[in-house]
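# Analysis of the macromolecular model
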Amino acid sequence: MLDLPNLILIGPMGAGKSTIGRLLAAELSREFLDSDHEIQARCGADIPWIFDVEGEAGFRDRETQMIDELTRLEGVVIATGGGAVLREENRRALRERGTVIYLFTTVEQQLRRTAKDRNRPLLQRGDREEVLREMFALRDPLYRATADVIVRTDRRGPRAVVNEIVRRVTRLVDPLQCKA
Ligand SMILES: Nc1ncnc2c1ncn2[C@@H]1O[C@H](COP(=O)(O)OP(=O)(O)O)[C@@H](O)[C@H]1O
Ligand SMILES: O=C(O)C1=C[C@@H](OP(=O)(O)O)[C@@H](O)[C@H](O)C1
Ligand SMILES: [Mg+2]
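Keep in mind that this is a model prediction, so the values were computed, not measured. One numbering rule holds for all chains: residues counted from 1, following each sequence as written. Whichever chain is written first is A, and whichever ligand is written first is 1; the rest continue in order. Residue-level local features of this predicted model are given only where pLDDT is at least 70; pairs of side-chain atoms are given and counted only at 80 or more, and the full residue set underlies all totals for whole chains, interfaces and linings. In computing side-chain properties, one takes all heavy atoms of the structure into account and sets aside hydrogens as well as water.

To continue, consider the packing of helix H3 (residues 47-71) against helix H4 (residues 88-96). Here an axis means a line fitted to C-alpha atoms, over the contact stretch when the element is a helix, while the angle between two N-to-C directions is reported on a 0 to 180 degree scale. Working definition: helices are DSSP H or I runs of at least four residues, strands are E runs of at least two. Numbering for both runs from the N terminus. Across the interface, H3 lies against H4 with an axial gap of 10 Å and an inter-helix angle of 15°. Compared by their axis directions, H3 and H4 come out roughly parallel. The two elements H3 and H4 cross, and the hand of that crossing is left-handed. Across the interface between the two elements, Thr64, Ile67 and Thr71 of H3 pack against Glu89, Asn90, Ala93 and Leu94 of H4. Classifying every residue of the contact of H3 with H4 by side-chain character gives 3 nonpolar, 3 polar and 1 charged. Here the angle decides the label: under 35 degrees means roughly parallel, over 145 means roughly antiparallel, 65 to 115 means roughly perpendicular, and every other value means oblique. Two helices that cross are described as forming a left-handed crossing if the nearer one is turned anticlockwise from the farther one by less than a right angle, and a right-handed crossing if clockwise. Contacts were defined at the residue level, with two residues in contact if any of their heavy atoms lie within 4.5 Å. Ten residues, namely Ala, Val, Leu, Ile, Met, Phe, Trp, Tyr, Cys and Pro, are considered nonpolar, four, namely Asp, Glu, Lys and Arg, are considered charged, and the remaining ones, Gly among them, are considered polar.

Here's what the structure looks like:
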């Protein structure tokens, strides 16, 4: 089997990072780590609680620490949270320690996929569509600047997305597709 580097999923809320990361890791027989899940496990508290008690700044500090730790592992699949690209320090760690895949989706799909969710504090206030559009304007350039590969997730299901990622990443690592 090809020696794949860390595969790191970035992109906005509802793009499918957590869902696709798990499937991708299983497909490649790799360990899967979800930054948000690891933060919650370490704190013994869920993300809304962390935002309530420590504010977004407190959560971002924990996220930076977690990204630093997870990206030091080898040969794993990592799902980040949607805001992981906000800090330059995080972007550098992601870029330098793995192949970064931007899971792109539209605001319309984000709205559908997060409609019933209560675990994303940034979507619990104000006009959700406006919040997501503002985030897109700020973050889309950062996702693009950080990614090696961009894969759309708005027009097909998780399985098809996983297949495309495997195809694209294999080509990156082994451009001639030769099984030496
Ligand atoms: N490609 C896809 N097509 C349809 N639904 C999806 C797809 N990817 C994820 N979902 C659904 O969208 C919701 C949010 O997915 P999630 O993996 O939590 O996104 P993220 O971690 O990027 O915020 C979940 O209910 C998931 O089942
Ligand atoms: O976009 C963001 O700033 C956030 C995205 C969430 O993760 P998902 O992208 O997995 O929903 C989670 O990290 C937190 O609620 C903040
Ligand atoms: Mg997630």
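Having seen it, we continue.
Attention now moves to empty space enclosed by the protein. The definitions used throughout rest on a 1 Å grid laid over the protein atoms alone, on which a cavity is an enclosed set of points accommodating a 1.4 Å probe that cannot get out and a pocket is an open set flanked by protein within 12 Å on both sides along at least five of seven lines; lining residues are those having an atom within 4 Å of a point. Grid points are joined across faces, edges and corners, and a volume is the space filled by probe spheres set on the points. Inspection of the entire model under this criterion finds 1 cavity of 30 Å³ or more. There is about 50 Å³ of room inside the largest cavity. With 5 residues, the single largest contributor to the lining of the largest cavity is helix H6 (residues 128-146). For the lining of the largest cavity, a count of residues per class yields 6 nonpolar, 1 polar and 1 charged.

The next subject is the UniProt feature "binding site: substrate" (unreviewed entry) in the chain. UniProt positions are given in the numbering used here, feature names are shortened, and annotations may be inferred rather than shown by experiment. The UniProt entry lists Asp36, Arg60, Gly82 and Arg139 under the feature "binding site: substrate" (unreviewed entry), expressed in the numbering used here. Looking only at the residues we just named, the largest cavity is lined by Arg139. With residues up to four places along the chain from it excluded, the contact list for Asp36 reads Ile47, Phe59 and Gly81. Relative to the helices and strands, Arg60 resides in helix H3. Those residues in contact with Arg60 that lie beyond four places of it in its chain are Gly83, Leu86, Arg87, Leu122 and Arg139.

A few words now on the packing of aromatic side chains. Only rings of Phe, Tyr and Trp enter the pairing, Trp through its six-membered ring, and a pair is recorded when the two centres are within 6.5 Å. The plane angle decides the type: under 30 degrees is stacked, over 60 is edge-to-face, the rest tilted. In the structure shown here, the tally under the stated rule is 4 aromatic pairs. Arranged with centres 6.2 Å apart and planes meeting at 75°, the rings of Phe104 and Phe136 form a pair that is edge-to-face. One end of the pair, Phe104, is in strand E4 (residues 99-104); the other, Phe136, is in helix H6, with 32 residues separating them in the sequence. Relative accessibility thresholds used throughout: buried, under 20% of the residue-type maximum; exposed, over 50%; partly exposed, between the two (1.4 Å probe, protein chains only). Owing to a relative accessible area of 12%, Phe104 belongs among the buried residues under this scheme.

A few words now on H3. Here the expected length of a helix is defined as 1.5 Å per residue gap, with one fewer gap than residues. Spanning 25 residues, H3 covers only 21 Å between terminal C-alpha atoms, well under the ideal 36 Å at 1.5 Å per step. The sharpest bend along H3 reaches about 115° and sits at Glu54. Put simply, Asp46 is the residue that caps the front of H3, since its side-chain oxygen is 3.0 Å from the backbone nitrogen of Trp49. What is called the bend at a residue is the angle between a pair of axes, fitted to the seven residues leading up to and ending at it and to the seven starting from it. By the criterion applied in these results, polar contacts are pairs of N or O atoms within 3.5 Å in which, for protein atoms, one can donate a hydrogen and the other can accept it, and in which residues neighboring in sequence qualify only through two side-chain atoms.

We call a residue near a molecule or strand as soon as one heavy atom of that residue lies within 4 Å of the molecule or strand. Neighbouring ligand 1 are 14 residues; Gly14, Lys17, Thr19, Arg120 and Arg156 lie closest to it. Ser18 places a side-chain nitrogen or oxygen 2.9 Å from an oxygen atom of ligand 1. The backbone of Thr153 places a nitrogen or oxygen atom 3.4 Å from a nitrogen atom of ligand 1. Methods summary: accessible areas were calculated by the Shrake-Rupley approach with a probe of 1.4 Å, and residue burial reflects only the protein chains presented. Contact with the protein chains removes 72% of the 570 Å² of surface that ligand 1 exposes when unbound. The biggest single contributor to the shell around ligand 1 is helix H1 (residues 17-28), with 3 residues. Along the lines of polarity and charge, the residues of the shell around ligand 1 split into 4 nonpolar, 6 polar and 4 charged.

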